[in-house]
Amino acid sequence: MNGKIVIIGGGIAGVQAAASLADKWDVFLVLGENYLPYYRMRIEEIISGSSPESLYIHPESWYGEKGIKLCHSPASSIDGDGRIVALEDGTRLQYDKLIIATGSNAFVFPLEGNRSTSVFSLRTAEDAIAIRNSLSGSGSMAVIGGGLLGLELAYSVAEHFHIPVSVIESSEYILSRQLDRASAMLLQDSLGKSGVEVHAGASAVRADSSTLFLSDGTELPADVLCFSAGVRPAASLASSASLDVDKGIIVDEHLRSSDPDIYAIGDVIELNGRLFGLALHAREMGSKVASVINGDDSPYVPSDSSAILKVGGIDVVSLGQIADDASVIIDRDGSRFTVFCENGIVKGAVLINCKQFMASARKAIGSPFDAAMFQEKM
Ligand SMILES: Cc1cc2nc3c(=O)[nH]c(=O)nc-3n(C[C@H](O)[C@H](O)[C@H](O)COP(=O)(O)OP(=O)(O)OC[C@H]3O[C@@H](n4cnc5c(N)ncnc54)[C@H](O)[C@@H]3O)c2cc1C
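Residues numbered from 1 in each chain as written. Predicted model: local features only at pLDDT ≥ 70, side-chain atom pairs only at ≥ 80, totals over all residues. Heavy atoms only, no water.

Colleague: Any chance you could explain the sheet that holds strand E9 (residues 119-121) here in plain terms?
Modeller: Strand order in the open sheet formed by 5 strands is E9-E16-E10-E11-E12, and the pairing between neighbours is parallel. Each having just a single partner strand, E9 and strand E12 (196-200) make up the two edges of the open sheet. With direction set aside, neighbouring strand axes in the sheet form an average angle of 20°. Where E9 meets strand E16 (residues 224-227), 3 bridges bridge the pair, whose relative direction is parallel. Bridging across to E16, Val119 finds its partner in Leu225. (Pairing = 2+ DSSP bridges. Helix = DSSP H or I, 4+ residues; strand = E, 2+ residues; numbered from the N terminus. Axes fitted to C-alpha atoms, helices over the stretch in contact; angles between N-to-C directions.)

Shown next, in the form of structure tokens:
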């Protein structure tokens, strides 16, 4: 074995790094939750009745077979000079290389009013269990945030619990970073048929025990209230250890922090001013950091994060940029295919319920727009 590697955080990034390093290094994986590592992006299934164990990435025996030592107590501090990680239970782990993969925390902001119970966010298996318990016997839910996670949560609660669910989005329409207005409205109408009512262009300002009050005067029933207003990198351990941290832990293109023996990966990092929030990047960073530690000198290049989503049972694909010059290629039977151009060059596309055209849309990006190149495929 080359030496000892401690990985703090058993999310997708940490587990991928552990799996990729275990054949050459003595790996210690420090867990922050009361479960073995699980697929975080599937925790809505827990709200509808699944157990956290059913989402485990690997069974416990897998870690033993790989020689990965699991530590079931969160890390409390890092001593970079002494190369020691202290755990909350008093254990001290010496390392040769340290990888911080502590992910992110849900962003929750204060609301006016006297609401003190049934306020949640959805980030962990424990959160999902708490939401499930609170929903049984409740008559309504409000979700603050009309991004992908908020919409998915709202849809699955409406479907499973058959209660009215409101989504509050302060932008003018839902998924405003991924979609144009017309495509968003199509999606919004379809969500409405499933019991999800979207309130866009207003913000949540006050909450009492059963009602949410919006900035435009609307009052919404909200026995259960859930924040889905984005995440913030969980970088406090790194800041306390005097590593360079801005919004996230600042890393170079080799995923190395300001301490050359400490790397950071996944949602917790900031690379060239960019934050990440996708399992796709967390996983690829887990593999990349292992190859860097094993001698690979090539930089980490994040793969294209074009959004391919399923929201409320509807396929949504968002590619490239949403520019002002929109050409609608298909608009029929709940399907919509829009191509966006700038100075005649295709910059992006949005496909609602027609992802069979994704390859041709992707190929068109960067080329002069010609409607005929799509017509042939219909
Ligand atoms: C409901 C939901 C749905 C999602 N859906 C998608 C999707 O469809 N597609 C997609 O690409 N992404 C999705 N994501 C985002 C994706 O889950 C994250 O990008 C990914 O989990 C990031 O992985 P990570 O390993 O960096 O961090 P995390 O998964 O956040 O894991 C970090 C781990 O570190 C632990 N930790 C923190 N501090 C300490 C400490 N001091 N000691 C020990 N451990 C610690 C935490 O407890 C946590 O277990 C979703 C997220 C959520 C919440």
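Colleague: For this particular structure, what's the right way to read the domain arrangement of the protein?
Modeller: When the parts of a complex come together, some accessible area is lost, and that lost area is often taken as the interface size. Annotation of the protein at the domain level lists domain 1 (4-105 + 231-293), domain 2 (119-227) and domain 3 (313-375). Inter-centroid distance (C-alpha atoms) of domain 2 to domain 3 is 28 Å. The partner domain 3 presents 12 residues to the 10 residues of domain 2 that form the contact. For the pair domain 2 and domain 3, the number of links is 0 salt bridges. Joining domain 2 to domain 3, the criterion identifies 1 residue pair in polar contact (both at pLDDT 80 or more). Among the residues making up the side of domain 2 that touches domain 3, the classes are represented as 5 nonpolar, 3 polar and 2 charged. (Domains from an automatic or database assignment. Contact = heavy atoms within 4.5 Å. Salt bridge = Lys/Arg side-chain N within 4 Å of Asp/Glu carboxyl O. Polar contact = N/O pair within 3.5 Å; in protein donor to acceptor, adjacent residues only side chain to side chain. Nonpolar A, V, L, I, M, F, W, Y, C, P; charged D, E, K, R; others polar.)

Colleague: What is the right way to look at the environment of Ala75 in this model?
Modeller: Considering the arrangement of structural elements, one finds Ala75 in strand E4 (residues 75-79). On a C-alpha basis, the gap between Ala75 and Ala106 in space is 19 Å, while along the polypeptide they are 31 residues apart. Setting aside its immediate chain neighbours within four residues, Ala75 contacts Ile8, Val30, Val85, Ala86, Leu87 and Leu237.

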